[in-house]
Amino acid sequence: MQLTASQLQSKHKALIDALKRGETVEITYHGQTLGVVHPAAPTTNSQEQEAAMNEFFGMHRDLGVANVESELRDIRKGRRKSLNDL
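Not measured: the values here are computed from a predicted model.

> Would you mind showing me how to read the overall build of the chain here?
The helix and strand tally for the chain stands at four helices and three strands. Within the chain, contacts between residues separated by at least 24 positions form 18% of all contacts whose residues are at least 6 apart in sequence.

This is the structure in structure tokens:
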């Protein structure tokens, strides 16, 4: 697909639709190519990334729900018990 620079404002939906279809769009200005817009490549997680994510998000899998909730409460309490601890 090819669009002129002046068409970008009025036909931006056509540009987005073309990118969704996987098409490359060429932008021209006074007959000269300014640039080419390519659809984004889908990101894929490598096995190493997947393992790191599973380790991070599953760090409390061996604890019961009550233990995780109490740990979060302790974290959220802050350093002081009351305003008198200044």
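> Can you help me understand the sheet that holds strand 2 (residues 25-29) in this one?
Consider a sheet: its strands pair through backbone hydrogen bonds, and that pairing is either parallel or antiparallel. Here three strands make up an open sheet; going across it, the order is 1-2-3 and the pairing mixed. Each end of this open sheet is capped by a strand with a single partner; those strands are strand 1 (2-4) and strand 3 (32-37). With direction set aside, neighbouring strand axes in the sheet form an average angle of 30°.

About the thresholds
- Along each chain, residues carry numbers from 1 onward, in the same order as the chain's sequence is written.
- Per-residue local features are limited, in this predicted model, to residues with pLDDT of at least 70; the limit for side-chain atom pairs, both in listing and counting, is 80 or more; totals at the level of whole chains, interfaces and linings are taken over all residues.
- Note that the side-chain values use all heavy atoms of the structure and ignore hydrogens as well as water.
- Helix numbers and strand numbers start at the N terminus; a helix is a DSSP run of H or I with at least 4 residues, a strand a run of E with at least 2.
- In what follows, a contact means two residues having at least one pair of non-hydrogen atoms within 4.5 Å.
- At least two DSSP bridges between two strands are required for those strands to pair.
- Orientation is described by lines fitted to C-alpha atoms, with helices fitted over the stretch in contact, and by angles between N-to-C directions that extend from 0 to 180 degrees.

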